[in-house]
Amino acid sequence: SRGIRGQGQIIGVGDTGVDWDMCFFNELPQHSDIPLNEIDMSRRKIISYNTVKKTIMGMQFESDDHDVVDGHGTHVCGSALGSISNTSENWQSLHEFDGAAPEAKLYFTDLQGEYFAGLLVPDDLTDYFAGPYHGGARIHSNSWGCNLEAIFLCSFDCECVWQFDFDKFKKGQRVSNSWCRDNLGQDCCKFCNMYDTESGEIDLFMKLHPDFLVIFAGGNDG
């Protein structure tokens, strides 16, 4: 109501992907693609769409260029800055569902690929934030955090089970706390409840870049 709609701002987001061809993110008619691993400031909405690679347990995984797996990233970006073009035939019925900053643009990092259930969070978060920072973003939203659900899943009473066949363990088999202590240095359910290297990297990046605000969701798992 005060006319603050994200004008001139770039928001950084890292998540499962963005369905960039849907009406809240698609480009003007001259663009039928996205600027993949490059920056194009002329775009209406997504100025940069970036993929990542990560080695996990000796296997290399790579993110894709769409929100293939579950749509979470599209939802997150839509809440932040989704906006339907006023040239769209559906503008009248859909523009009320625009995000909080509908005139902002997006620097996006895709953290999920089709062949790995979890997020491919880079090992060095300094590089992860450096891309959007140099691309002009001064706020970065992350609706993810520490969890091991791609490897094993724990309920609130610390009953943890493997999510897939790994080494001598089978999917659905209970994960022992002794394995977690030996390999992770923590009880299975306590692994994420600590100030770790990633936490330090986030704080350090913001200390060195005081004009850059990193935001994380409060968590989904209690």
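For the structure, see preceding data.
Residues numbered from 1 in each chain as written. Predicted model: local features only at pLDDT ≥ 70, side-chain atom pairs only at ≥ 80, totals over all residues. Heavy atoms only, no water.

Novice: Quick one: what's the story with the pattern of salt bridges, residue by residue and with numbers?
Specialist: Scanning the entire structure with this criterion turns up 7 salt bridges. Linking R43 and D33 is a salt bridge whose minimum nitrogen-to-oxygen distance equals 3.2 Å. Here R43 is found in the loop between β1 (10-15) and β2 (46-50), whereas its partner D33 is found in the loop between β1 and β2, with 10 residues between them in sequence. Since its relative accessible area comes to 5%, R43 is described here as buried. Between D40 and R43 there is a salt bridge, and its shortest N-O distance comes to 3.0 Å. Neither D40 nor R43 differs from the other in exposure class; each is buried. Overlapping salt bridges bring together D33, D40 and R43 as one network. (Salt bridge = Lys/Arg side-chain N within 4 Å of Asp/Glu carboxyl O. Helix = DSSP H or I, 4+ residues; strand = E, 2+ residues; numbered from the N terminus. Buried < 20%, exposed > 50% of the residue type's maximum accessible area, 1.4 Å probe, protein only.)

Novice: I'd like a rundown of the state of the cysteines, residues and numbers included.
Specialist: Enumeration according to the criterion identifies 1 disulfide in this entry. One disulfide bridge connects C180 with C188, the sulfur atoms lying 1.9 Å from each other. Disulfide C180 to C188: torsion about the S-S bond roughly 90°, handedness right-handed. Residue C188 is classed as buried on the basis of its relative accessible area of 6%. (Disulfide = S-S within 2.5 Å.)

Novice: Kindly report on the packing of aromatic side chains, identifying the contributing residues and their values.
Specialist: Here the structure, examined in full by the defined rule, presents 14 aromatic pairs. Between Y133 and F205, the ring centres sit 6.1 Å apart and the planes meet at 80°, which makes this aromatic pair edge-to-face. Of this pair, Y133 sits in helix α3 (residues 125-134) while F205 sits in helix α5 (residues 197-208), and the two are 72 residues apart along the sequence. Across this residue pair, the class does not change: Y133 and F205 are buried. A centroid spacing of 4.9 Å and a plane angle of 15° characterise the contact between W162 and F169, whose relative ring orientation is stacked. Given a relative accessible area of 12%, F169 falls into the buried group. Members of the aromatic cluster, connected to one another through ring pairs, are Y128, F129, Y133, W144, F205, F212 and F216. The ring of Y133 has R138 sitting right over it, with the charged end atom 3.8 Å from the ring centre. (Phe/Tyr/Trp six-rings, centres within 6.5 Å; stacked < 30°, edge-to-face > 60°. Lys NZ or Arg CZ within 6 Å of the ring centre and 35° of its normal.)

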